[in-house]
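Fold and contact review
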Amino acid sequence: MKKLLLCFLALLLSVGAAFAQRGLNSNAIFRGRVIPFDRMIKTEVRGSSMTTYKLDFYRSVRFQVDEKTALEVAALVKADAEAAVSAETEMTGDLLTYALVQPAQRGKVHRYLCYQARPEGPAWIITILYLEGSATLEDLRSMFDKQ
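Residues numbered from 1 in each chain as written. Predicted model: local features only at pLDDT ≥ 70, side-chain atom pairs only at ≥ 80, totals over all residues. Heavy atoms only, no water.

1. Things to note about the sheet that holds strand 4 (residues 95-102)
Where we set the bar: A pair of strands is considered paired only if DSSP assigns at least 2 bridges between the two. Only DSSP runs of H or I covering at least 4 residues are called helices, and only runs of E covering at least 2 are called strands; the numbering of each starts at the N terminus. Axis definition: a line fit to C-alpha positions, over the contact stretch in the case of helices; interaxial angles, taken between N-to-C directions, run 0 to 180 degrees. Note on definitions: a residue-residue contact is assigned when non-hydrogen atoms from the two residues lie within 4.5 Å.
Read across the open sheet, the six strands follow the order 1-2-6-5-4-3; overall the sheet is antiparallel. Of all the strands in the sheet, just strand 1 (40-46) and strand 3 (86-92) have a single pairing partner and so form its edges. Each adjacent strand pair in this sheet contributes to an overall mean axis angle of 10°, direction not counted. Here helix 3 (residues 67-83) sits on the sheet and contacts strand 2 (55-65), strand 3, strand 4, strand 5 (110-120) and strand 6 (123-133); the angle it forms with strand 4, its principal contact strand, is near 30°.

The structure is reproduced here in structure tokens:
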């Protein structure tokens, strides 16, 4: 019975994580539709370890791509920024290099999409974070300033 309950709980958590970015164009990136999973470094954290940061859920992906793919990824994030409640963006030429996006809340839960692209030789290193929780935009800025 205990094993069945644990399996059900694990399934429920994984289904919730799969739909966390629902409604965002950048969800295609997190789902492996733009960059294959085997070319990504993925991190996902949820639970009590995130309460210090006023977050319930943290997901990040990091990958290296050519300029053409970097532009494709940037276009998805830019589309989310255009539809967001608030967004800060920076461009280098035609490429989005930084974004802090606040999509519409889901209930009382704040959602954030953070994006950074930096050149490394002919390639681009892209990091994207998706965050959910009670943290405000000011809380995030404060956390980012400390690190």
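Additional details are given in the paragraphs that follow.
2. With respect to the confidence of the model for the chain
Applicable threshold: Along the chain, pLDDT gives the predictor's confidence residue by residue, from 0 to 100.
In the predicted model, the chain carries a mean pLDDT of 85, and the fraction of residues at 70 or more is 84%. Between the elements of the chain, mean pLDDT differs from a low of 39, seen in helix 1 (residues 2-18), to a high of 97, seen in strand 6. Every residue in residues 1-20 is under pLDDT 50, and counting partners more than four places away or in other chains gives 14 contacts.

3. Describing the environment of leucine 71
Where we set the bar: Only protein chains enter the accessibility calculation, which uses a 1.4 Å probe; a residue whose area is less than 20% of its type maximum is buried, one above 50% is exposed, and one in between is partly exposed.
Looking at the element boundaries, leucine 71 is found in helix 3. Look at leucine 71 and you get partly exposed, because its relative accessible area is 35%. Along the primary structure leucine 71 and tryptophan 124 are separated by 53 residues, whereas in three dimensions their C-alpha atoms are 9.9 Å apart. If sequence neighbours within four positions are ignored, leucine 71 has contacts with Asp94 and Leu95.

4. Some details on the pattern of salt bridges
We count it as follows: Definition used for salt bridges: Asp or Glu carboxyl oxygen within 4 Å of a side-chain nitrogen of Lys or Arg.
Enumeration over the complete set of coordinates arrives at five salt bridges. When the shortest N-O distance is used, the salt bridge between glutamate 88 and arginine 141 registers 2.0 Å. Separated by 53 residues along the polypeptide, glutamate 88 in strand 3 and arginine 141 in helix 4 (residues 137-146) bring together distant segments of the chain. The class for glutamate 88 is partly exposed, based on a relative accessible area of 29%. Residue classification places arginine 141 among the partly exposed positions, given a relative accessible area of 33%. With a closest N to O distance of 3.5 Å, arginine 118 and glutamate 120 form a salt bridge. For arginine 118, a relative accessible area of 34% corresponds to the partly exposed category.

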